[in-house]
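One-letter residues, chain by chain:
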Amino acid sequence: MNNLLASIEQVTLMGPGPSCISDEVFKAMALPTLGHMDKDFILIMDGIKEMLQKVMATKNRLTVPVSGTGSAGMETCFVNLIEPGDAVLILKNGVFGNRMFDVASRLGAQVDAVDAKWGTPILIDSVKEQLAKKPYKIVAIVHAETSTGVLNPIREIGNLVHQNGALYLVDAVTSLGGIPVPTDEIGIDALYSGSQKCLSCPPGLSPVSFSDRAVHAITNRRKKVPNWYLDMNMIIQYWHGANRVYHHTAPINMLYGLYQSLYLILEEGLEAVYQRHMKYHTMLVSELESMGLQMLVKSGYRLPMLNAVIVPDSVNEVKIRNELRNTYHIEIGAGLGDLAGKIFRIGLMGHTAREENVIKIVSALKKLL
């Protein structure tokens, strides 16, 4: 039997995730595995928590990486905060807002929605109008909608949520580590992200953070959290305190990788990281527009780390993506849902956001188009 791993080649990951990984992170993940209750590993866990708080701009005590991808982070926030019958408002303008709606509905919440056209941001006036109708326990929004490349106005909407008295839940899967996520400053109560986007760690971990208000809601539930694996009442006993209580076997080497990726971000400096993402986003957009290509999202609402490019009518987008992968060893993403076949999604996330990668994708597209 042939070992298929021996045939894996280097691919420049410029899609909607995962992103390129630095050699330092790979080296960290190759270190000797410790036990999940080992005293040295617990020190690494504490270091991860401290660095996550800095990157998330929060002092929330309940800030930990969940063992699972970004979708596990989403499930964690919803299953811990929602009880059957709770009023929940989902603000959605893409695939991942729709997923929030689905998860909240499965948990028995009374779910309302404010929708915006895909490729456009959530309208503040529409949210204001809906919040005036009734009180909600939770209002949820995607900060950086990965399916469309739209940046949603979480600061302005947060002010409205607090006036309603609801808990503010934000998906920061694509935004964390690429643009500022001012958790405490704007009063985000529950936040989740993923390791594989701008943090540039392989998929498998989902950082989450809960405010004191959110923790109070979790600890004062009428019934137990319906998901044992993601119950924060139990997980926090493993991630906090002098005497740790075993909950599940943590993915040790994945956590080494997250530790190193966070260390590299803070070593570079958060502002420098944000500026780097914007610099190469601006460079990419300029080059694409000089080729006659158009962006889906209007300037001012575009994500620097996820660029949605309209596919010209004369172009077979599947063929172009396949050529990029097979000939140039570059991966980009396709459109999802309503945008399937209509856009390319070009990622500049984390370690991918570098000049040589912009030059590489632009050069290849010029030849193919």
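Higher on the page you've got the structure.
The structure presented is a predicted model; accordingly, all values stated were derived computationally and were not measured.

Scanning the protein chain for helices and strands turns up twelve helices and 14 strands. In terms of overall size, the protein chain behaves like a compact globule, its C-alpha atoms giving a radius of gyration of 21 Å where 369 residues would be expected to give roughly 21 Å. Buried positions account for 55% of the 369 residues belonging to the protein chain. Put simply, 72% of the contacts in the protein chain that link residues at least 6 apart link residues at least 24 apart.

Ordered in space as S11-S14-S13, the three strands form an open sheet in which the pairing is antiparallel. Across the chains shown, the open sheet's two edge strands, defined by having one partner strand only, are strand S11 (306-310) and strand S13 (333-334). Where S13 lies against strand S14 (residues 343-347), two bridges are found, and the strand directions are antiparallel. Looking at S14, one finds that glycine 333 is bridged to arginine 345. Most of the contacts of helix H11 (residues 317-328) go to S14, to which it runs at about 30 degrees, and overall it touches S13 and S14.

In this section: the nonpolar core. Here is a general trend for soluble globular proteins: nonpolar side chains tend to be buried in one another's company. Grouped together as the largest cluster of nonpolar side chains are 83 residues, with contacts concentrated most on Phe78, Leu81, Leu91, Met100, Leu169 and Phe210. The next biggest cluster of nonpolar side chains, apart from the first, holds 22 residues, and it includes Leu288, Ile346, Val358 and Val362.

As summarised here, the arrangement of the seven strands in space is S2-S10-S9-S8-S5-S3-S4, forming an open sheet in which the pairing is mixed. Each of the sheet's edge strands pairs with one partner strand only, and the pair in question is strand S2 (62-67) and strand S4 (110-115). Going across the sheet, the axis of each strand differs from the next one's by a mean of 20 degrees, ignoring polarity. Here strand S9 (residues 190-192) pairs with strand S10 (residues 205-210) via three bridges, running antiparallel. Paired with tyrosine 192 across the bridge in S10 is valine 208. Sitting on the sheet, helix H5 (residues 124-131) touches strand S3 (87-92), S4 and strand S5 (138-142), and the angle it makes with S4 is about 150 degrees. Running at roughly 100 degrees to S2, helix H8 (residues 232-239) makes contact with S2 and S10 of the sheet.

Moving on, we come to the environment of leucine 62. Structurally, leucine 62 can be placed in strand S2. Residues leucine 62 and tryptophan 228, spaced 166 residues apart in sequence, show a C-alpha to C-alpha distance of 17 Å. Excluding residues that lie within four positions of it along the chain, leucine 62 makes contacts with Val208, Ser209, Phe210, Val215, Met232 and Ile236.

A word on the packing of aromatic side chains. Under the defined criterion, the tally for this structure stands at one aromatic pair. Geometrically, the ring pair formed by tyrosine 238 and tryptophan 239 is edge-to-face, given 6.2 Å between the ring centres and 75 degrees between the ring planes. On the basis of relative accessible area, tyrosine 238 is assigned to the buried category, the value being 0%.

This part covers H8. Buried within H8 we find Met232, Ile235, Tyr238 and Trp239. Projected down its long axis, H8 carries its buried residues within an arc of 115 degrees, all on one side. The elements touched by buried residues of H8 are helix H2 (39-55), S2, helix H3 (70-81), S10 and helix H9 (252-268). Remark: glycine 241 follows H8 within two positions and exhibits a positive phi of approximately 100 degrees.

Attention shifts here to the packing of H5 against helix H6 (residues 154-164). Two quantities define a packed helix pair, namely the angle between the axes and the distance from one axis to the other. Between H5 and H6, the shortest axis-to-axis distance is 10 Å and the interhelical angle comes to 5 degrees. It follows that H5 is roughly parallel to H6 by the angle criterion. Only Glu156, Ile157, Leu160, Val161 and Asn164 of H6 make contact with H5, whose side of the interface consists of Ile124, Val127, Lys128 and Leu131. Of the residues assigned to the contact of H5 with H6, the class counts are six nonpolar, one polar and two charged.

Moving on, we get to the side chain of asparagine 80. Of note, asparagine 80 is situated in helix H3. At 2.7 Å, the side chain of asparagine 80 and the backbone oxygen of threonine 76 are in polar contact. Here the side chain of asparagine 80 touches leucine 230 through a polar contact of 2.8 Å, landing on its backbone oxygen. Not counting residues within four places of it along the chain, the set of residues in contact with asparagine 80 comprises Ile218, Arg221, Val225, Leu230, Asp231 and Met232.

Criteria and cut-off values
Residues numbered from 1 in each chain as written. Predicted model: local features only at pLDDT ≥ 70, side-chain atom pairs only at ≥ 80, totals over all residues. Heavy atoms only, no water. Helix = DSSP H or I, 4+ residues; strand = E, 2+ residues; numbered from the N terminus. Rg over C-alpha atoms; globule rule 2.2 N^0.38 Å. Buried < 20%, exposed > 50% of the residue type's maximum accessible area, 1.4 Å probe, protein only. Contact = heavy atoms within 4.5 Å. Pairing = 2+ DSSP bridges. Axes fitted to C-alpha atoms, helices over the stretch in contact; angles between N-to-C directions. Core = buried A, V, L, I, M, F, W, Y, C linked by side-chain atoms within 4.5 Å. Phe/Tyr/Trp six-rings, centres within 6.5 Å; stacked < 30°, edge-to-face > 60°. Arc of directions from axis to C-beta. Parallel < 35°, antiparallel > 145°, perpendicular 65-115°, else oblique. Nonpolar A, V, L, I, M, F, W, Y, C, P; charged D, E, K, R; others polar. Polar contact = N/O pair within 3.5 Å; in protein donor to acceptor, adjacent residues only side chain to side chain.

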